[in-house]
Amino acid sequence: MALFSSLTPVFIAIICVLIGVILKKTNGEKEKRETKSKPLSHPWVDEDLKDGTDHHLEEEDVDEEWQGLDENTAHVPFFAERYSEGEMIKRSQMFYELLNKRRSVRFLSDEPVPREVIDNVIRTAGTSPSGAHTEPWTFVVVQDPYLKHKIREIVEEEEEINYKKRMGDRWVNDLKRLRTNWIKEYLDTAPYLILIFKQVYGWLPNGKKKTHYYNEISVSIACGILLAALQNAGLYTVTSTPLNCGPQLRVLLQRPANEKLLLLLPVGYPKKEATVPALTRKPLKDIMVVM
């Protein structure tokens with residue numbers, strides 16, 4: 001009896017340890033389940049673009065019939081212009097030298113730019129390839145001073161929050177070296193703002209939604225062609241991605257809900273006193289792998 005009494009505290013201690021281990025294991029499994037079910041928080045991600053590269057339509061909204069080009073679409077002979085090897089090398093070198101002069105310019109003049117030039121560069125962007133030839137892009141050109149200023153107010157309000165709360169110290173410190181912040185004077189001074197929207201789906205004549213395959217990739221390619229066309233015309237811009245501004249700007253510009261803002265480009269000539277960071281680009285050996 002005395003032995004049992006002396007061992008009682010030991011048994012109680014063992015039981016307590018076992019209960020603690022069981023509870024810890026249970027809580028750990030619960031936390032794992034919650035972690036798996038709860039998506040990671042990325043406060044810098046634009047909520048308006050969370051639909052992803054492809055917009056998966058609800059089953060009841062999709063027309064089961066073929067949504068692409070007419071099955072009787074004619075195929076015509078293609079005649080390509082061929083250059084000699086020497087001419088190919090010369091043209092490729094000249095185009096590289098032209099594009100290598102491209103810089104992101106944040107100090108833009110209010111000097112007028114011919115509207116026809118803007119029409120032509122957007123026509124050029126519209127030659128971009130797209131998934132199943134859906135052409136899922138809308139280029140909104142803003143030249144009205146009132147609208148430009150309203151856009152600036154919306155962007156600066158959200159950008160200040162981005163810099164102070166959403167982006168984090170590392171991102172903000174990296175941007176300090178480029179001397180950029182949430183103040184976007186160029187949104188007022190640039191003669192044109194081009195806002196590029198991706199259409200996450202389209203509409204069929206019968207009112208059903210039309211799938212736009214690879215819409216984000218397609219529009220991104222079109223943006224790259226647009227940047228090259230602007231450089232070719234002697235115009236400059238800065239690729240602006242106004243995080244968390246999409247819904248407000250969509251309402252301001254009266255764009256439909258199937259359009260999501262991907263990029264905002266202020267377009268014009270650089271100011272005479274414009275400066276850019278003294279940056280270098282990676283050499284060919286660091287960006288190309290030949291196998």
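Keep in mind that this is a model prediction, so the values were computed, not measured. (Residues numbered from 1 in each chain as written. Predicted model: local features only at pLDDT ≥ 70, side-chain atom pairs only at ≥ 80, totals over all residues. Heavy atoms only, no water.)

A. Local environment of the overall build of the chain. Assigned secondary structure in the chain consists of 9 helices and 5 strands. Burial analysis of the chain (291 residues in total) assigns 32% to the buried set. Sequence-distant contacts, at least 24 apart, represent 83% of the contacts inside the chain between residues at least 6 apart. As displayed, the chain offers around 20200 Å² of accessible surface, 57% of which is attributable to carbon and sulfur atoms. (Helix = DSSP H or I, 4+ residues; strand = E, 2+ residues; numbered from the N terminus. Buried < 20%, exposed > 50% of the residue type's maximum accessible area, 1.4 Å probe, protein only. Contact = heavy atoms within 4.5 Å. Areas by Shrake-Rupley, 256 points an atom, 1.4 Å probe, with all protein chains shown as cover.)

B. Just the packing of helix 2 (residues 85-100) against helix 7 (residues 215-232), in detail. In contact at an axis separation of 9 Å, helix 2 and helix 7 are set at 90 degrees when each is read in the N-to-C sense. Taken together, the axis directions place helix 2 and helix 7 in an arrangement best described as roughly perpendicular. Contact residues: helix 2 offers Phe95, Leu98 and Leu99, while helix 7 offers Ala228, Gln231 and Asn232. (Axes fitted to C-alpha atoms, helices over the stretch in contact; angles between N-to-C directions. Parallel < 35°, antiparallel > 145°, perpendicular 65-115°, else oblique.)

C. Seen up close, the packing of helix 3 (residues 115-125) against helix 7. Running from N to C, helix 3 and helix 7 cross one another at 145 degrees; their axes reach a closest spacing of 8 Å. As for the relative orientation of helix 3 and helix 7, their crossing is right-handed in sense. Contacts from Val121, Ile122, Thr124 and Ala125 of helix 3 reach helix 7 at Ala222, Ile225, Leu226, Ala229 and Leu230. (Left-handed = near helix turned anticlockwise from the far one by under 90°.)

D. Focus on unusual backbone geometry. The backbone of Ala132 sits at a positive phi, close to 55 degrees, despite the residue not being glycine. Turning to its location among the elements, Ala132 is positioned in the loop between helix 3 and strand 1 (137-142). Of note in the backbone geometry, Asn244 takes a positive phi value of approximately 65 degrees without being a glycine. With respect to the helices, strands and loops of the structure, Asn244 is situated in the loop between helix 7 and helix 8 (246-252). A relative accessible area of 13% means that Asn244 is categorised as buried.

E. Fine view of the packing of aromatic side chains. Using the criterion set out here, one finds 1 aromatic pair in the structure. Geometrically, the ring pair formed by Tyr201 and Trp203 is edge-to-face, given 5.5 Å between the ring centres and 85 degrees between the ring planes. The class for Tyr201 is buried, based on a relative accessible area of 10%. (Phe/Tyr/Trp six-rings, centres within 6.5 Å; stacked < 30°, edge-to-face > 60°.)

F. Spotlight on the nonpolar core. Counting residues in hydrophobic clusters, the biggest one holds 22 residues, and the most contacted among them are Ile118, Phe139, Ile194, Ile196, Leu226, Leu265 and Val267. If you list the elements that add at least two residues to this core, you get helix 3, strand 1, strand 2 (192-199), helix 7 and strand 5 (259-267). If one sorts the elements of this core by residue count, helix 7 sits on top with 7 residues. Formed by 19 residues, the second largest nonpolar core is a distinct cluster that contains Leu193, Phe197, Cys245 and Leu261. (Core = buried A, V, L, I, M, F, W, Y, C linked by side-chain atoms within 4.5 Å.)

G. Region of the structure containing the side chain of Ser128. Secondary-structure assignment places Ser128 in the loop between helix 3 and strand 1. The class of Ser128 is buried, set by a relative accessible area of 6%. The contact partners of Ser128, leaving out residues within four places of it in the chain, are Trp137, Ser218, Ile221, Ala222 and Ile225.

H. Structural detail: the environment of Val155. Summarising the element assignment, Val155 is placed in helix 4 (residues 145-166). With 28 residues separating them in the primary sequence, Val155 and Ile183 have C-alpha atoms 8.9 Å apart. Residues in contact with Val155, not counting those within four places in the same chain, are Lys184, Leu187, Pro242, Cys245, Leu249 and Leu264.

I. Up close: a nonpolar patch on the surface. A cluster of nonpolar side chains, contributed by Tyr213, Tyr214, Ile217 and Ile221, occupies part of the molecular surface with about 380 Å² of accessible area. Note that Ile221 resides in helix 7. Residue classification places Ile221 among the partly exposed residues on the basis of a relative accessible area of 37%. (Patch = residues over 30% accessible without salt bridge, like charges linked within 9 Å, V, L, I, M, F, W, Y side chains within 5 Å. Salt bridge = Lys/Arg side-chain N within 4 Å of Asp/Glu carboxyl O.)

J. Expanded view of the pattern of salt bridges. On inspection of all chains with the given rule, the structure shows 8 salt bridges. For Arg152, the salt bridge identified is with Asp188, shortest N-O distance 2.8 Å. Here Arg152, found in helix 4, pairs with Asp188, found in helix 6 (residues 186-189); they are 36 residues apart in sequence, far enough to count as distant. For Arg152, a relative accessible area of 16% corresponds to the buried category. A relative accessible area of 25% means that Asp188 is categorised as partly exposed. Among the charged side chains, a salt-bridge network with shared partners connects Arg152, Glu156 and Asp188.

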